[in-house]
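Structural characterization, general
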Amino acid sequence: MTLLDGKSLSAMIEEDLHKQISSLAAQGITPGLAVILVGDNPASCAYVQMKAKACKRVGIYSVTHEMPNTITQEELLSTIAMLNQNPNIDGILVQLPLPTHIQSAKVLEAIHPQKDVDGFHPFNIGRLSVNLDTFVPATPLGVMNLLKHYHIDVSGKDVVIVGMSNIVGKPLCALMLNAGASVSCCHILTRDVSAYTKNADIVCVGVGKPNLITQDMIKQGAIVIDIGINRLESGALVGDVDFSNVAPKCSFITPVPGGVGPMTIATLLQNTYKAALYRLEQRTKI
Ligand code: GUN
C-alpha cells in the first residue's frame, strides 16, 4: 500500500508557483485573489485563513472581505461587481456555504468567468463538461493531479464517486470521464453504494461521514481517494474512510489529513496564477 502524499506534492507545487509568480512580478503583475467570507462558520473561517496564508507563501496578494451573516444578496452582488472591475484582482472566491437567505447560484453567476478561480460559474462548468480549457474546481482537479503525480492512469478504469456535490463530486465525474474512466456516481438516493464500490478500481468519496467506507466495500488492490474532512468530538480530523481497516487492502490511498486537503489549496493557487496570466495576455494584446 502506498500513501498518496498530498502534503509533499502541494509543497512542490507551491515551490514551483513561487518561482513562476516571482517572474510574473518582474513583469509588473502580482496575482491578486479576493475572498468573500460571509458569517462566522468556523470551518469556513479556518479554510479562508488557510487560503490567505498559502497565498502569502507563494507571493499572491490576497484580500478577504468579511461580511456579516445579515448581509443582503444585493450588497454581496455589488461587492462582486466591484471586484470584477478591479484590475488588481485576478481571482474572486466566495466561500461556501452562504446563508440560506442568499441564492448561491445567483452569487456564483455574478463572478466574471475569467476571474472564477473556483470554477463554479456555469460558463466554466459547461466548458469542463465538453473538455475545454477552463477553471476547474480546486478539490477535484487536485485529486486528478495527485493521481497523475503517482503515474496512476484512470483511462479505462472503473471509477466510483460517492457524493455528488457541485463543488467536488460532479466536477470530479466530468474530469474522470474526460480522462477516459468509466464513471459511476453514487449519492444520497443510491440504494446500494457497496454494490458499486466493491467492483471499483478507484473509489473517491466526499460526503462528510466518518467511516462511511469500510473494508468490506473495497476490492483488494483498489485505489481509495478520501475527500471527506470531519472533526470528531475528540478533536481528531478524519475523512470518510475507515482508514485503518481499508488501507491494508488498497494499492494506493490518501491519508486525512495530508491527502486531498493540501492539494485543494495548492490548486486554488495554481488557478489564481492562471487567472493572472490572462491579465498578462490582455496587456500584451493592447
Ligand atoms: N466550501 C467548501 N469547499 C469550498 C471550495 O472549494 N470553494 C469555496 N468557495 N467554498 C468551499
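The residue numbering used here restarts from 1 in each chain and proceeds along that chain's sequence as written. Only residues with pLDDT of 70 or above have their local features reported here, since the model is predicted, and side-chain atom pairs are shown and tallied only from 80 upward, although totals for entire chains, interfaces and linings are computed over all residues. Heavy atoms from the whole structure form the basis of all side-chain values; hydrogens and water molecules are not counted.

The protein is annotated in an unreviewed UniProt entry as Bifunctional protein FolD from Helicobacter jaachi. UniProt positions are given in the numbering used here, feature names are shortened, and annotations may be inferred rather than shown by experiment. According to the UniProt record, the Pathway (unreviewed entry) comment for the protein reads "One-carbon metabolism; tetrahydrofolate interconversion." A UniProt comment under Function (unreviewed entry) is attached to the protein, and it reads "Catalyzes the oxidation of 5,10-methylenetetrahydrofolate to 5,10-methenyltetrahydrofolate and then the hydrolysis of 5,10-methenyltetrahydrofolate to 10-formyltetrahydrofolate."

Here is the rule: rings of Phe, Tyr and Trp (six-membered ring for Trp) pair when centre to centre is within 6.5 Å. Planes less than 30 degrees apart are stacked, more than 60 are edge-to-face, and the remainder are tilted. If you walk through the whole model with that rule in mind, you get two aromatic pairs. Pairing Phe 135 with Tyr 278 gives two aromatic rings, centres 5.8 Å apart and planes at 90 degrees, and the pair type is edge-to-face. Of this pair, Phe 135 sits in the loop between helix 5 (122-129) and helix 6 (138-149) while Tyr 278 is found in helix 10 (residues 260-285), placing the two residues 143 residues apart along the sequence. The burial state of Phe 135 is the same as that of Tyr 278; both residues are buried. Between Tyr 150 and Phe 252 the ring centres are 6.4 Å apart and the planes differ by 65 degrees, which places this aromatic pair in the edge-to-face class. Residue Tyr 150 is located in the loop between helix 6 and strand 5 (158-162), and its partner Phe 252 is located in strand 11 (residues 252-253); the two are separated by 102 residues in the primary sequence. By definition, any uninterrupted DSSP run of H or I lasting at least four residues is a helix, any uninterrupted run of E lasting at least two residues is a strand, and each is numbered from the N terminus. Between buried and exposed lies partly exposed: a residue is buried under 20% and exposed over 50% of the maximum accessible area for its type, with that area taken using a 1.4 Å probe on protein chains only.

This brings us to the nonpolar core. Nine residue types can take part in a nonpolar core, namely buried Ala, Val, Leu, Ile, Met, Phe, Trp, Tyr and Cys, and a core is a set of them joined through side-chain atoms within 4.5 Å. Counting residues in each nonpolar core, the largest one holds 53 residues, and the members touching the most others are Leu 147, Met 176, Cys 204 and Ile 225. Per element, the largest residue contribution to this core is 11 residues, and it comes from helix 10. Contacts are residue-level and defined by heavy atoms, with any inter-residue pair within 4.5 Å sufficient. If sequence neighbours within four positions are ignored, Met 176 has contacts with Met 144, Leu 147, Val 154, Val 159, Ile 161, Ala 181, Val 183 and Cys 204.

Along the chain, Ser 10 falls in helix 1 (residues 6-26). Definition of a polar contact: a pair of N or O atoms within 3.5 Å, with one able to donate and the other able to accept a hydrogen when the atoms are protein atoms, and with sequence-neighbouring residues admitted only if both atoms are side-chain atoms. Within the structure, the side chain of Ser 10 is placed 2.9 Å from the backbone oxygen of Lys 7, a separation counted as a polar contact.

Moving on: the site of the ligand. If even one non-hydrogen atom of a residue comes within 4 Å of a molecule or strand, that residue is called near it. Surveying the vicinity of the ligand reveals the residues Lys 51, Leu 93, Val 94, Gln 95, Leu 96, Asp 118, Phe 120 and Ile 167. With respect to the ligand, the backbone of Val 94 contributes an N or O atom lying 2.8 Å from a nitrogen atom. Here a nitrogen atom of the ligand and a side-chain polar atom of Asp 118 are 2.6 Å apart. Relative to its free-state accessible area of 280 Å², the ligand is covered by the protein chains to the extent of 84%. When residues are sorted by character, Ala, Val, Leu, Ile, Met, Phe, Trp, Tyr, Cys and Pro go into the nonpolar class, Asp, Glu, Lys and Arg into the charged class, and all the rest, Gly among them, into the polar class. Of the residues assigned to the shell around the ligand, the class counts are five nonpolar, one polar and two charged. Note on areas: these come from Shrake-Rupley sampling with a 1.4 Å probe, and a residue is covered only by the protein chains present in the view.

Along the polypeptide, Met 164 turns up in the loop between strand 5 and helix 7 (169-178). In this structure, the C-alpha to C-alpha distance between Met 164 and Cys 186, residues 22 residues apart in sequence, is 7.0 Å. Once you skip the residues sitting within four places of it in the chain, Met 164 turns out to touch Gly 169, Lys 170, Cys 173, Cys 185, Cys 186 and His 187.

Below, the discussion takes up the pairing of strand 6 (residues 182-186). Two strands are said to pair when DSSP picks up at least two bridges between them. In this structure, strand 5 lies alongside strand 6, joined through five bridges in parallel fashion. Looking across to strand 6, one finds that Val 159 is bridged to Val 183. When the strands point away from the viewer and the path from the first strand over the helix to the second turns clockwise, the crossover is right-handed. Read as a crossover between parallel neighbours, the route from strand 5 over helix 7 to strand 6 is right-handed.

Glancing now at the UniProt feature "binding site: NADP(+)" (unreviewed entry) in the protein. Mapped onto the present numbering, the UniProt feature "binding site: NADP(+)" (unreviewed entry) falls on Gly 163, Met 164, Ser 165, Ile 188 and Ile 229. Mapped onto the fold, Gly 163 is located in the loop between strand 5 and helix 7. If we skip the residues at most four places from it in the chain, Gly 163 touches Gly 169, Cys 186, Gly 206 and Val 207.

Here we take up the pairing of strand 4 (residues 91-94). Burial along strand 4 is two-sided: the face carrying Gly 91 and Leu 93 and the face carrying Ile 92 and Val 94 are both buried. As paired strands, strand 2 (residues 32-38) and strand 4 are joined by four bridges and run parallel to one another. Looking at strand 4, one finds that Val 35 is bridged to Leu 93.

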